[in-house]
Amino acid sequence: MGSATLSIDLEAIIANWRALDAVSAGSVETAAVVKANGYGLGAGRVAKALARAGARKFFVAIAEEGARVRQALGPGPEICVFAGHMRGDTDMIYDLMLTPMINSLDQLTRHLEALPTHKFGLQLDSGMSRLGMDPGEWAAVRDIVSEQSPSLIMSHLACADEPDHAMNAQQLAAFCQMTDSFDAPRSLAATGGILLGQDYHFDLTRPGVGLYGCLPFAKAKPVVGLSLPVIQTRALEAGDTVGYGASWTAKKPSRIATVSAGYADGLIRSMGNKAQLFSNGTPCRLVGRVSMDLLTVDISHLDETPKSLDILCPEQGVDQLAEYADTIGYEILTSLGARYTRRYIGAGG
Ligand SMILES: *Cc1c(COP(=O)(O)O)cnc(C)c1O
């Protein structure tokens, strides 16, 4: 094996989409969020697999991402852009049939002037203070918007990964208050919101991270594997140190494998001296600091030098690795580097 290999199980992504779809009742549609290049796994491949499985709506963060997804999917599926209608995006929105999620009065004006008959959705701020019109702004434009028949009214939950957080019910109430008497399809739930229950589902759900096998969807099938080639090994005496800052010292004679991947590949520095790698299921400690392109691993207890070591595998998933690095699965996934060979499994991958 020459290079580090990231394997992406498209069948598992489809299974996770179906499982999240099954959480909501009958007429609720389940979309798929493929922003940030499909959470680092390849937006085109992921979107195509999910479209074949029946997904009809996709969400991206910005228009450029939408353009790539449109290229992969061809005409038909709807591609919605969370950033809305940004200055300079009009041609792309029109030519590639993207649906901007309008989030301010400025954007509404821009959209209705530039593309008066082009489909759009609307984003409301129900308490996250990030994107979308606040209740005052919404009250000022809702009659105008009503005449334009928006394809979706959406908002986003700030604390959906904590089911008991008071914000969930507060945002639900704020969203209902803003939209109950408005005639348009509605969406509030991402992965976490789907798991909060039926009250949060409305007409359309927008899962992202759960599709890719991560929390808060605890029952998700794992999607990614990451296998890293061993470049070299060396024998250490007791007292020898490893890596930058000499942050790990051998207490006894040890064998260290140097592995080809580092923080430039998304194996972020804070997992140094904490995460493990696996040789056919046998754990081996990551020792010393993470370098830009290299990791050092204690393989003293292995009988043979492995050709490669796994850092994402059944024994250590994305969320576990995130915990070692003091972050969340989302950041591990979207940091996965461009140097990996991406190998797709299943779904015609
Ligand atoms: C990222 C995002 C989603 C998907 O969230 P997950 O937690 O990954 O399921 C849904 N809606 C909006 C507005 C988002 O920004």
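About the thresholds
- All residue numbers here refer to positions counted from 1 along the written sequence of the relevant chain.
- Note on the predicted model: pLDDT of at least 70 is required for a residue's local features to be given, and 80 or more for side-chain atom pairs to be given and counted; whole-chain, interface and lining totals, by contrast, use all residues.
- The basis for the side-chain values is all heavy atoms of the structure; hydrogens and waters are excluded.
- A pair of strands is considered paired only if DSSP assigns at least 2 bridges between the two.
- Strands are runs of DSSP state E lasting at least two residues, helices are runs of H or I lasting at least four, and both sets are numbered from the N terminus onward.
- Working rule for contacts: check all heavy atoms of both residues, and any pair within 4.5 Å makes them a contact.
- Note on geometry: axes are lines fitted to C-alpha atoms, helical ones only across the stretch in contact, with angles between N-to-C directions running from 0 to 180 degrees.
- UniProt positions are given in the numbering used here, feature names are shortened, and annotations may be inferred rather than shown by experiment.
- Type-normalised accessible area, obtained with a 1.4 Å probe on protein chains alone, sets the label of each residue: buried when under 20%, exposed when over 50%, and partly exposed for intermediate values.
- Aromatic contacts are taken between Phe, Tyr and Trp rings whose centres are within 6.5 Å, Trp giving its six-membered ring; a plane angle under 30 degrees counts as stacked, one over 60 as edge-to-face, and the others as tilted.
- Either the NZ atom of lysine or the CZ atom of arginine qualifies as a charge over a ring when it sits within 6 Å of the ring centre and within 35 degrees of the ring normal.

A closer look at the sheet that holds strand 9 (residues 186-187)
Then, number 1: Taken together, the seven strands give an open sheet; going across it, the order is 3-4-5-6-7-8-9, and neighbouring strands pair in parallel fashion. In the strand order of this sheet, the two ends are held by strand 3 (32-33) and strand 9, each with one partner.
Then, number 2: As defined by bridge partners, strand 8 (residues 153-154) adjoins strand 9 across two bridges and the pair is classed as parallel. Residue pairing in the sheet places I153 in a bridge with R186 of strand 9.
Then, number 3: Contacts from helix 4 (residues 63-73) reach strand 4 (57-60), strand 5 (78-81) and strand 6 (98-102) within the one sheet, and its direction differs from that of strand 5 by about 170°.

Thoughts on the pairing of strand 15 (residues 276-279)
Then, number 1: Summarising the sheet, strand 15 and strand 16 (residues 282-285) pair through four bridges and their orientation is antiparallel. Within the sheet, the bridge partner assigned to S279 lies in strand 16 and is T282.
Then, number 2: Between strand 15 and strand 16, which pair antiparallel and follow one another directly, the connecting turn spans two residues, one of which, N280, has a positive phi of 45°.

Considering the UniProt feature "binding site: substrate" (unreviewed entry) in the protein
Then, number 1: Following the UniProt record, the feature "binding site: substrate" (unreviewed entry) maps to R130 and M292 here. Maximum C-alpha separation among the annotated residues is 33.2 Å over a sequence range of 163 residues, too wide for a single clustered spot.
Then, number 2: With respect to the helices and strands, R130 occurs in the loop between strand 7 (121-123) and helix 7 (135-147).
Then, number 3: Look at R130 and you get exposed, because its relative accessible area is 56%.
Then, number 4: Among all residues touching R130, those that are not within four sequence positions of it are D125 and H156.
Then, number 5: By the element assignment, M292 lies in the loop between strand 16 and strand 17 (294-298).
Then, number 6: Setting aside its immediate chain neighbours within four residues, M292 contacts G262, Y263, A264, D265 and R339.

Focus on the packing of aromatic side chains
Then, number 1: Throughout the structure, instances matching the rule amount to five aromatic pairs.
Then, number 2: Between Y39 and Y330, the ring centres sit 6.3 Å apart and the planes meet at 35°, which makes this aromatic pair tilted. One end of the pair, Y39, is in helix 2 (residues 35-39); the other, Y330, is in helix 11 (residues 329-335), with 291 residues separating them in the sequence.
Then, number 3: Through a chain of ring-to-ring contacts, the aromatic side chains of Y39, Y212 and Y330 assemble into a single cluster.
Then, number 4: Positioned over the ring face of Y344 is R45, at 4.3 Å from the centre of the ring.

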